[in-house]
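A look at the structure
Chain residues, written in single-letter form:
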Amino acid sequence: MNKIWAVYFSPTGNTAKVVLRAAQKLSAQLGAPVETVDLTLPKARAEVSTFGPEDVAVVGTPTYAGRVPNKFLPELQRVLRGQGTKALGIVTFGNRSYDSSLAELLEVLEADGFSTMAGAAVDCSHVFSDKIAPARPNAGDWAALDAWAEAAAAVIKGTAEGKECPAPVRPLAEARTPVAPYYTPLGVDGQPAKFLKAKPVTDMEKCVRCGMCVNVCPMGSIPAEDPATTTGICIKCQACVKLCPHMARHFEDPAFLSHVQMLEQNYTRPAESAFFA
Ligand SMILES: Cc1cc2nc3c(=O)[nH]c(=O)nc-3n(C[C@H](O)[C@H](O)[C@H](O)COP(=O)(O)O)c2cc1C
């Protein structure tokens, strides 16, 4: 075994945490060092990363609208090259549902030259609201993630032959579902909430023009010369909102706020993380 690669897109950090934990676990099991490829910022996606047949890649993305984030998808297809590299796919989701994101991630990895051998969908806090699953992943999620990474390591080492998948790990075939259309976000009235064009607004009384938001926007959409604006595409990832040290950015778009309220009304029950190998 050469290296364990922790590869992720993670605007607000949930996915990074989960991918790194799984990669560390594999590293301990397989005796190979961990290296990180953080694809969150545009400059990190400028070059293609190629992985060898002796590497293992743990690749993670958040779920957006039930799928791999649509603005990240072409980047994922473009920048990763496997050479029969064994891969574990991880999606995080914010307690509503991961829908097709894991199936889609596994498909893309296969098309990128990886040999996918495990998949996980890990429930996390929802970036849209502090009221939705604020304590996920919890101890049970982490323990299940560890068990899953150990099961994958056993397959890689060739010591899993003839053994049953340990609970709660399910056969990987169950994760390979057909990829469904994007989830349509709803508002409190049950109607589609159309906030595709919504962008964060900046409270100029709080903004000190430190430029932190410029440096964390995964789309590079906040201009350094005027950080109080968002001139490019906004994927609603909340990186600028959550990471602003002065809490100067927020969303006011009524359709977006209605969707958040709908999620708070209907999706605070605990969702289940899912593990496949
Ligand atoms: C635009 C957008 C769409 C989302 N769609 C979903 C979804 O369909 N289902 C869900 O459960 N969580 C959804 N979430 C929540 C994120 O998947 C979750 O909070 C994730 O862990 C964030 O990852 P990160 O911290 O690595 O950025 C969405 C978040 C964003 C920003």
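Scope of this entry: the structure provided in the associated data block. (Residues numbered from 1 in each chain as written. Predicted model: local features only at pLDDT ≥ 70, side-chain atom pairs only at ≥ 80, totals over all residues.)

**Structural notes on the overall build of the protein**
We apply this condition: In this description a helix means any DSSP run of H or I spanning at least four residues, a strand means any run of E spanning at least two, and both kinds are numbered starting from the N terminus. In this description the radius of gyration comes from C-alpha coordinates, and the expected globular size is given by 2.2 Å times residues to the power 0.38. Exposure criterion: with C-beta atoms placed from backbone coordinates, a residue whose C-beta has 20 or more other C-beta atoms within 10 Å is buried, one with 12 or fewer is exposed, and one in between is partly exposed. C-beta atoms are first placed from the backbone for all residues, and any pair lying within 7 Å is then listed as a contact.
Within the protein one finds seven helices and 11 strands. Against the globule reference of 19 Å for 277 residues, the protein gives a C-alpha radius of gyration of 19 Å, in line with a compact fold. Its C-alpha atoms give the protein principal-axis dimensions of roughly 60 × 40 × 30 Å. Across the 277 residues of the protein, 44% fall into the buried class. Looking at the protein alone, contacts between residues at least 24 apart form 77% of all its contacts between residues at least 6 apart.

**Focus on the sheet that holds strand E8 (residues 169–170)**
Quick note on the threshold: When DSSP finds at least two bridges between two strands, those strands are taken to pair. Note on definitions: angles span 0 to 180 degrees between N-to-C directions of axes, and those axes are lines fitted to C-alpha atoms, for helices only across the stretch in contact.
Reading across from one edge, E2-E1-E4-E6-E7-E11-E8 is the order of the seven strands in this open sheet, with mixed pairing throughout. This sheet does not close on itself; its edge strands, each paired only once, are strand E2 (34–38) and E8. Taken together, the five bridges between strand E1 (residues 4–8) and strand E4 (residues 56–62) define a ladder with parallel strand orientation. Looking at the pairing, Ala6 lines up with Val58 of E4. Contacting E1, E2, E4, strand E6 (85–93) and strand E7 (114–123), helix H1 (residues 14–30) crosses the sheet at an angle of about 165 degrees to E4.

**Section: the nonpolar core**
Stated precisely, the cut-off is as follows: Here, a nonpolar core means buried Ala, Val, Leu, Ile, Met, Phe, Trp, Tyr and Cys residues linked by C-beta atoms lying within 7 Å of one another.
Residues Ala22, Val58 and Trp148 are the most contacted members of the largest nonpolar core, which totals 69 residues. Of the residues forming this core, the biggest block, seven residues, is contributed by helix H4 (residues 139–157). For Ala22, the contacting residues outside a window of four places in its chain are Val58, Leu88, Ile90, Leu145 and Ala149.

**Description of unusual backbone geometry**
Following Arg136, the chain continues to Pro137 via a peptide bond in cis, the omega torsion being -5 degrees. Mapping Pro137 onto the fold places it in the loop between E7 and H4. Unusually for a residue other than glycine, Asn95 sits at a positive phi of about 75 degrees. Mapped onto the elements of the fold, Asn95 is located in the loop between E6 and helix H3 (101–111). With 19 C-beta atoms counted inside 10 Å, the residue Asn95 sits in the partly exposed group. Within the chain, Arg209 stands out as a residue other than glycine whose phi angle is a positive 55 degrees. Within the secondary structure, Arg209 sits in the loop between strand E9 (201–202) and helix H5 (212–216).

By themselves, these observations are geometric and do not establish any function.
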